[in-house]
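# Observations on chain architecture
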Amino acid sequence: MCGIVGVLGDHEAAPILVEALKRLEYRGYDSAGIATVNAGKLDRRRAVGKLVNLSDQLVHEPLAGKAGIGHTRWATHGAPTVTNAHPHRSGAVAVVHNGIIENYREIRAELAQHNISFETETDTETVALLTHHYLSTGMSPVEAAFAALDRLEGAFALAFLFDGEDDLIVAARKGSPLAVGHGDGEMFVGSDAIALAPLTDRITYLEEGDRAVVTRAGVEIRDEKGRLANRPIKTVSIDNTRVDKAGHKHFMAKEIAEQPKVIGDALAHYLTPENDIHFPEETIDFAKVDRIVMVACGTAYYACLVAKYWFEQIARIPVEVDIASEFRYREPPIPARTLALFVSQSGETADTLAALRYCRDKADTILSVINVPESSIARESDIALPILAGVEVGVASTKAFTCQITVLFLLALKAGELRGHLSSDRRADHVSALRAIPSIISLALDQNEAIRKASVRLSESRDVLFLGRGLMYPLALEGALKLKEISYIHAEAYASGELKHGPIALIDKHMPVVVMAPRDTLFDKTVSNMQEVMARKGKVILVSDDAGIEEAGDDVWTSIRMPSVPPLLTPILYAIPAQLLAYHTAVAKGTDVDQPRNLAKSVTVE
Ligand code: F6R
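Residues numbered from 1 in each chain as written. Predicted model: local features only at pLDDT ≥ 70, side-chain atom pairs only at ≥ 80, totals over all residues. Heavy atoms only, no water.

### Some words on the overall build of the chain
- Along its length, the chain carries 20 helices and 25 strands.
- Relative to the compact-globule value of 25 Å for 606 residues, the chain shows a C-alpha radius of gyration of 25 Å, a close match.
- Judged by the C-alpha coordinates and their principal axes, the chain covers about 80 × 50 × 45 Å.
- Counting the 606 residues in the chain, one finds 61% classified as buried.
- Carbon and sulfur atoms make up 49% of the accessible area of the chain, which amounts to about 22900 Å² in all.
- Here the chain contributes 64 positive and 80 negative side-chain charges, whose respective centroids are spaced 3 Å apart. (Helix = DSSP H or I, 4+ residues; strand = E, 2+ residues; numbered from the N terminus. Rg over C-alpha atoms; globule rule 2.2 N^0.38 Å. Buried < 20%, exposed > 50% of the residue type's maximum accessible area, 1.4 Å probe, protein only. Areas by Shrake-Rupley, 256 points an atom, 1.4 Å probe, with all protein chains shown as cover. Lys, Arg positive; Asp, Glu negative; His and termini not counted. Charge placed at Lys NZ, Arg CZ, Asp CG, Glu CD.)

Take a look at the structure:
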């Protein structure tokens, strides 16, 4: 979603802002803009579409000045047009914003009474107009920005730049992340450390409700009650901010290929050389947990569905899994001895964060499994377990999913052990099988060419059905989500047993059906479902192991061969063909793999 940058520098700001915005491209956007102050004068440039359009405009109409703010906009209120693009300006102030100002209609109505008119359809313009209005009453820029902030409801990260002030950015955060970067005689503002990576590795993360007055001399932060706040400066590791394709055509391809390494990193983090599972904070006494509530969105939600099988089978704990946007408004009862577990790559997903806040003071423990350790979800959890996937840039989540389920599997093993349902011998067997997973994933990645060929056939379809049973059901859901989000082919997933209860009506010779089915105890049942599809001329793509493919016979349209792994570990492995099928189908269709239309990487609005 929208990305923000700001710079009070020593050099021309425009190129620095555009470069920083490039590093925020991964969040998803449909227009971009920058504003600078040059010789005291505020000016801006904005363009629809990719950043290259903004850069082109800057070639023809350069923008000088060493102080500036920039923005990539993911449209919420109003179409992606130049008029609606940020920065929004009113008189002496320009504003960039990530989030949604919920009371913007009310503020607009109030401003209209002062004959203040609007140019855009956005909620953000009201912030600029309101600040301008306060400036015109004689307030200083900081007073006017703070007065405007007092009026805002909703979620925001905001940066303000003022005419006549080339050493001032006011920044504020409520609900959406914002960081301040410290340079030598220069200061920066950014949606995340990645935006600021080559500029500085010294970062202060603003807390909820914080307001920051940034000058080249430093930053003064006030908390939500207006008290001076001392927020730490953290040194961010360059590795955690590295964003390059490492020779791959797309970030998604790179991130798929990285999985053996990052899963290995996660295992190294949580396993001792003696194969004990070590969580840095051993504060969850699973013996005292009666129920787990797992909440997430999208791919992270499917990771929770996988983990439900594991927690229930290995640790015998009842688990409920919910979509965050449903959970947060349903007001579900949270009985005593409930562990609330939130899974999120970004750690900033608005609905997941709201669900977490709902559980605060209700659940015994708030646990999160996150990729970004400085994220809001991590910071608001009692315990945050990192998945160590490294920066994930491709909008379609890949390595984060496999790292999430790896960490959740370890957690289920730990829970099983602490609850007395898993002997240490069995646990050791599981752990040594898990240790082999990175190299088994490398073998699965060797199937790339076979999967590419199957994908070329798939790319001609209008609809695709995914089927899976047991642990493969969430994988079928994940495969369908991956395919639809990056190839724009309509894809649906069903638990294989549900086929006869409706979706079988869709089957004809035009319908490819991807069946995810390792040769496990449920395989025979799935083969029956597959026969039902083939009897109706449906085209089956079977993803299975040697034994499964042999048993299924020659009638399938095509098969994708996976190595054999113990049944409980199949979800980690079968994520690879699900991801590669989607990837190669999208490449065959020529879609924008890393930044699919309409999607944002970090969904910071609900
Ligand atoms: C799909 C995808 C999304 C995210 C979802 C949650 O490929 O990436 O469905 O999984 O938006 O995001 P996080 O994990 O950041 O909370």
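That covers the picture; the talk isn't over yet.
### Section: the pairing of strand S19 (residues 365-370)
- Among the six residues that make up S19, six are buried, leaving the element largely enclosed by the rest of the structure.
- On S19, burial covers both faces: Thr365, Leu367 and Val369 on one face and Ile366, Ser368 and Ile370 on the other are all buried.
- Bridge count between strand S18 (residues 338-344) and S19: six bridges; the pairing is parallel. Its bridge partner lying in S19, leucine 339 is registered against threonine 365.
- For the crossover from S18 across helix H11 (residues 350-359) to S19, the handedness is right-handed.
- The pairing of S19 with strand S20 (residues 383-386) spans four bridges and is classified as parallel. When the bridges of S20 are listed, leucine 367 appears paired with isoleucine 383. (Pairing = 2+ DSSP bridges. Right-handed = clockwise from strand over helix to strand, strands pointing away.)

### Comments concerning unusual backbone geometry
- Here histidine 86 and proline 87 are connected by a cis peptide whose omega angle stands at 0°.
- Along the chain, the position of proline 87 falls in the loop between strand S4 (67-73) and strand S5 (88-90).
- Of note, arginine 316 is a non-glycine position whose phi angle comes to about 55°, a positive value.

### Some remarks on the nonpolar core
- Residues Phe286, Ile292, Met294, Trp310, Phe311 and Leu341 are the most contacted members of the largest nonpolar core, which totals 100 residues.
- Among residues more than four places away in sequence, those in contact with isoleucine 292 are Phe286, Phe311, Ile317, Pro318, Val319, Glu320, Leu339 and Leu341. (Core = buried A, V, L, I, M, F, W, Y, C linked by side-chain atoms within 4.5 Å. Contact = heavy atoms within 4.5 Å.)

### What about the layout of surface pockets?
- Looking at the second largest pocket, its volume works out to about 670 Å³.
- Looking at the second largest pocket, it is lined by 29 residues, and the ones nearest its centre are Cys297, Gly298, Thr299, Ala600 and Val603.
- Elements supplying a minimum of two residues to the lining of the second largest pocket: helix H9 (298-315), S18, H11 and helix H17 (472-487).
- Within the lining of the second largest pocket, the residues separate by chemical class into 16 nonpolar, ten polar and three charged. (1 Å grid on protein atoms, 1.4 Å probe; cavity = no way out; pocket = protein on both sides within 12 Å on 5 of 7 lines; lining within 4 Å. Points joined across faces, edges and corners; volume = space filled by probe spheres on them. Nonpolar A, V, L, I, M, F, W, Y, C, P; charged D, E, K, R; others polar.)

### Structural notes on helix H18 (residues 523-535)
- The first and last C-alpha atoms of H18 sit 18 Å apart over 13 residues, in line with the 18 Å expected at 1.5 Å per residue.
- Regarding H18, the residues found buried are Phe523, Thr526, Val527, Asn529, Met530, Glu532, Val533 and Met534.
- Looking at the packing, one finds that the buried side of H18 touches strand S21 (463-468), strand S23 (512-516), strand S24 (539-544) and helix H19 (546-552).
- Directly beyond the C-terminal end of H18, a positive phi value near 70° is found at lysine 537. (Expected span 1.5 Å × (residues − 1).)

### Considering the pattern of salt bridges
- One pass over the structure, following the stated rule, counts 39 salt bridges.
- The partner of aspartate 167 in a salt bridge is arginine 216, with the nearest N and O atoms 3.2 Å apart. Linking aspartate 167 in strand S8 (residues 165-174) with arginine 216 in the loop between strand S12 (211-215) and strand S13 (218-222), this pair joins segments that are 49 residues apart in sequence.
- With a relative accessible area of 31%, aspartate 167 lands in the partly exposed category.
- On the basis of relative accessibility, which here comes to 22%, the residue arginine 216 falls in the partly exposed class.
- A salt bridge links aspartate 382 to arginine 360; the shortest N-O distance between them is 3.6 Å. Of this pair, aspartate 382 sits in the loop between helix H12 (376-379) and S20 while arginine 360 sits in the loop between H11 and S19; the two residues are 22 residues apart in sequence, bridging distant segments of the chain.
- A relative accessible area of 38% means that aspartate 382 is categorised as partly exposed.
- The class for arginine 360 is partly exposed, based on a relative accessible area of 30%. (Salt bridge = Lys/Arg side-chain N within 4 Å of Asp/Glu carboxyl O.)

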